[in-house]
Amino acid sequence: MDDDNGIVFPKNFIFGAATASYQIEGGYDQDGRGKSIWDVFSHTPNKTKNGETGDVADDHYNKLEEDIALIKSLNLKHYRMSFSWSRILPDGTISNINKKGLNIITRKSTYCWLMASNQQLRCTIGICLKVLKINLVVVKAYSDYADLCFSIFGDRVKFWITFNEPWVTAVLGYLTGGNAPGRCTGCTPNGGDSSREPYIVAHNQLVSHAEAMNIYNTKYRNNQKGSIGITFNSDWFQAISDDPKDVEAAERHQQFFLGWYADPVFFGDYPQSMRDSCGDRLPQFTEQEKELFKATKSDFFGINHYTSTYVGAPRKEKVKENPTWYDDINVFTSYEKDGKLIGDKADSSWLYVVPWGCRKLMNWISKRYGSVPIYITENGVDAPGESDLSISQAVDDDFRLNYLKDYLKEFSNAVMIDKVNIKGYYVWSLMDNFEWADGYSKRFGITYVDYKSPDLKRTIKKSGRWYAEFIKNY
Ligand code: NOJ
């Protein structure tokens, strides 16, 4: 199948679009929904841009039919959505199931399922944790929740994702404190311990993932015949020079970032390089847990990828570094080399356009984790200054269009030339939405949402129109 600029994928390649419940739904107190960590965080003064919250977001909760029509008009046969834990279980536990809250998910999944016979809903079950207690109570609560989701929706949902970007919750939620629940050393009002809590959180997420896999395998897989796995996030970390010390630093960083989560899932334990630097702050898995990982793994390797960063071994001379949490890794990272940026700057401070990096990351994953099917569960960009443009200027989004074409070309090279086993790609995002601590100031949608209009009008952007045509034949 050939298209623009020779972007070629196998005929049965999956193309979709992704969203997440808190970022689009709104309806934060409708029909008995409980509070998630993001409700609490965004309502705490000075935590999000302009104090913005997901209370209304894109009001998707009340615009379901309109948005299903939008999905259809974009020729999307695959849609990735997430469930809000606190909508289903308002206090986080199985003792109180909110029947009304199940309503939207039932309606939505049925719509999507009916829309096309091969419609495949890819659901994330764990993104909005009500409380990520720093002990194993959360593993039990999570397993109960996952079990409930499989039992109710497993007839329609054939692709489950246990966690989306667990790294982000652990690092931004418990190390920098910039995301919910806003804990870190010195964070107010919550406090925390940036040197230990992220590792404990990650540990509990990983064990929760394995437990959910185990439940699916033992109770549901035979009848429901679906797939289940986890989605990580990672930049490509490019060595800043060919000096072996820099090459080693970049490899160590890649392991620390992505291997932290993926190694336990696929190999049963953390990378040795992490153990060496974290010492006893990195928790130990019990023998039983290690066995569970080996038995469950993940049916696929889900990866959200947006950008790349230079990495080098520590320097004596002053280098222009990113704001850093990397003490444990003992490297420096930078967005520029010899005064030149690694790629064009997008709108988000962490995002640079580096298409060649995605091909390298795909090859790194394939080399380390073998032939497990890879799904790009998110890729996309926010265009510089997009929020300040008029609607007609914003929907004419050549910046995003070029990003998508250039990244797709490199993913296609990874599949067709390097023979990496990538099976699918989901653009982030179906529509502009609540970009966490950045509020509504960053727009990642292939559809524009006019937050100033009373009905939150949606307009498909140029990139969306292109994507709709491009995916038609797959
Ligand atoms: C990944 C996250 O899963 C999503 O929630 C976020 O909006 C995008 N990255 C863009 O930052």
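See the structure printed just above.
Since this is a predicted model, take the numbers as computed values, not measurements. What you see as residue numbers is a count from 1 along each chain, following the sequence as written. Where local features are concerned, this predicted model is filtered to residues with pLDDT of at least 70; where side-chain atom pairs are given and counted, the filter is 80 or more; whole-chain, interface and lining totals use all residues. For the side-chain quantities, the full set of heavy atoms in the structure was used; hydrogens and water were omitted.

## Points about the overall build of the protein chain
In terms of regular secondary structure, the protein chain is built from 15 helices and 17 strands. Note that the radius of gyration is over C-alpha atoms, with the globule rule given as 2.2 Å times the number of residues to the power 0.38. Whereas a compact globule of 474 residues would reach a radius of gyration of roughly 23 Å, the protein chain reaches 21 Å, a difference of no more than 12%. Structurally, the protein chain occupies a C-alpha span of about 60 × 50 × 45 Å along its principal axes. Within the protein chain, the proportion of its 474 residues that are buried is 62%. What counts as a helix is a DSSP run of H or I of at least four residues, what counts as a strand is a run of E of at least two, and both are numbered from the N terminus. Burial classes follow relative accessibility: with a 1.4 Å probe on protein chains only, a residue under 20% of its type's maximum area counts as buried, one over 50% as exposed, and anything between as partly exposed.

## Some thoughts on the nonpolar core
Only buried Ala, Val, Leu, Ile, Met, Phe, Trp, Tyr and Cys residues count toward a nonpolar core, and they belong to the same one when joined by side-chain atoms within 4.5 Å. The biggest cluster of nonpolar side chains holds 135 residues, and the ones touching the most others in it are F301 and M362. Among the elements that take part in this core, helix α8 (residues 197–224) stands out by supplying 11 residues, more than any other. When checking whether two residues touch, look at their non-hydrogen atoms; a contact exists if any pair is within 4.5 Å. Excluding anything up to four places from it in sequence, F301 contacts I230, F232, L258, A262, F266, I365, Y369, V372, P373, I374 and Y375. Listed in part, the 9 residues of the second largest apolar core include A57, A180, F434 and W436.

## A closer look at the environment of A346
Secondary-structure assignment places A346 in the loop between β12 (344–345) and β13 (352–353). Separated by 98 residues in the primary sequence, A346 and E248 have C-alpha atoms spaced 28 Å apart. Those residues within four positions of A346 in sequence are excluded, and the remaining contacts are L351, V381, D382, P384 and F399.

## Some points on the site of the ligand
Neighbouring residues are identified by heavy atoms, a residue being near a molecule or strand if any of them is within 4 Å of it. Neighbouring the ligand are Q23, N164, E165, N304, Y306, W350, E378, W428, E435, W436 and F444. What qualifies as a polar contact is a pair of N or O atoms within 3.5 Å, subject to a donor-acceptor requirement within protein and to the restriction that residues adjacent in sequence count only when both atoms come from side chains. In the model, an oxygen atom of the ligand is placed 2.5 Å from a nitrogen or oxygen of the E435 side chain. At 2.8 Å from an oxygen atom of the ligand is found a side-chain nitrogen or oxygen belonging to W436. Under the convention used here, a 1.4 Å probe and the Shrake-Rupley method define accessible areas, while residue burial counts only the protein chains that appear. In isolation the ligand exposes 300 Å². Once the protein is present, 93% of that is buried.

## Things to note about helix α9 (residues 244–267)
A helix is expected to reach a length of 1.5 Å times the quantity of its residues less one. The end-to-end C-alpha separation of α9 is 26 Å, well short of the 34 Å expected for 24 residues at 1.5 Å each. Note that bend, as reported per residue, equals the angle between axes fitted to the 7 residues terminating at that residue and the 7 residues originating from it. By the largest-angle criterion, G259 marks the main kink of α9, which is about 65 degrees. Of all 24 residues in α9, 18 are buried; the element is thus mostly enclosed. Of the residues that open α9, the one with a side-chain oxygen 2.8 Å from the backbone nitrogen of K245 is D243. Just beyond α9, the residue with positive phi is G268, at close to 90 degrees.

## What about the environment of M213?
The residue M213 is located in helix α8 in this model. Note on M213: relative accessible area 0%, which makes it buried. A C-alpha to C-alpha distance of 22 Å links M213 and S21, two positions 192 residues apart in sequence. When residues no more than four places from it in sequence are discounted, the contact partners of M213 are R221, I228, G229, T296, K297, S298 and D299.

## Let's talk about the pairing of strand β15 (residues 422–428)
Counting buried positions along β15 gives 6 out of 7 residues, so the element sits mostly inside the fold. Strands are labelled as partners when DSSP assigns at least two bridges between them. Taken together, the 5 bridges between strand β1 (residues 14–18) and β15 define a ladder with parallel strand orientation. Its bridge partner being in β15, A18 is matched across the sheet by W428. As paired strands, strand β14 (residues 374–379) and β15 are joined by 4 bridges and run parallel to one another. Counterpart to I374 in the pairing with β15 is I422.

## Brief notes about the pairing of strand β7 (residues 301–304)
Burial of the side chains of β7 extends over both faces: F301 and I303 are buried on one face and G302 and N304 on the other. Across 4 bridges, strand β5 (residues 227–233) lies against β7 in parallel orientation. Along β7, the bridge assignment pairs F232 with I303. In this sheet, β14 lies alongside β7 in parallel orientation, the contact comprising 4 bridges. For N304, the partnering residue across the bridge sits in β14 and is E378.

## Description of the packing of α9 against helix α12 (residues 355–369)
Each axis is a line fitted through C-alpha atoms, and for a helix only the stretch in contact is used; angles between axes span 0 to 180 degrees, taken between their N-to-C directions. Packing of α9 against α12 leaves a shortest axis separation of 11 Å and a crossing angle of 45 degrees. In this view, α9 runs oblique relative to α12, as classed from their interaxial angle. In the packing of α9 onto α12, the handedness of the crossing is right-handed. Seen from α9, the contacting residues are E251, Q254, Q255, L258, G259, A262, D263, F266 and F267; seen from α12, they are L361, W364, I365, R368 and Y369. Under the scheme applied, nonpolar residues are Ala, Val, Leu, Ile, Met, Phe, Trp, Tyr, Cys and Pro; charged residues are Asp, Glu, Lys and Arg; polar residues are all the others, including Gly. Residues of the contact of α9 with α12, tallied by class, amount to 8 nonpolar, 3 polar and 3 charged. Oblique is the label for every angle not falling under 35 degrees (roughly parallel), over 145 degrees (roughly antiparallel), or within 65 to 115 degrees (roughly perpendicular). By convention the crossing between two helices is left-handed if the near helix lies anticlockwise of the far one by an angle smaller than a right angle, and right-handed if it lies clockwise.

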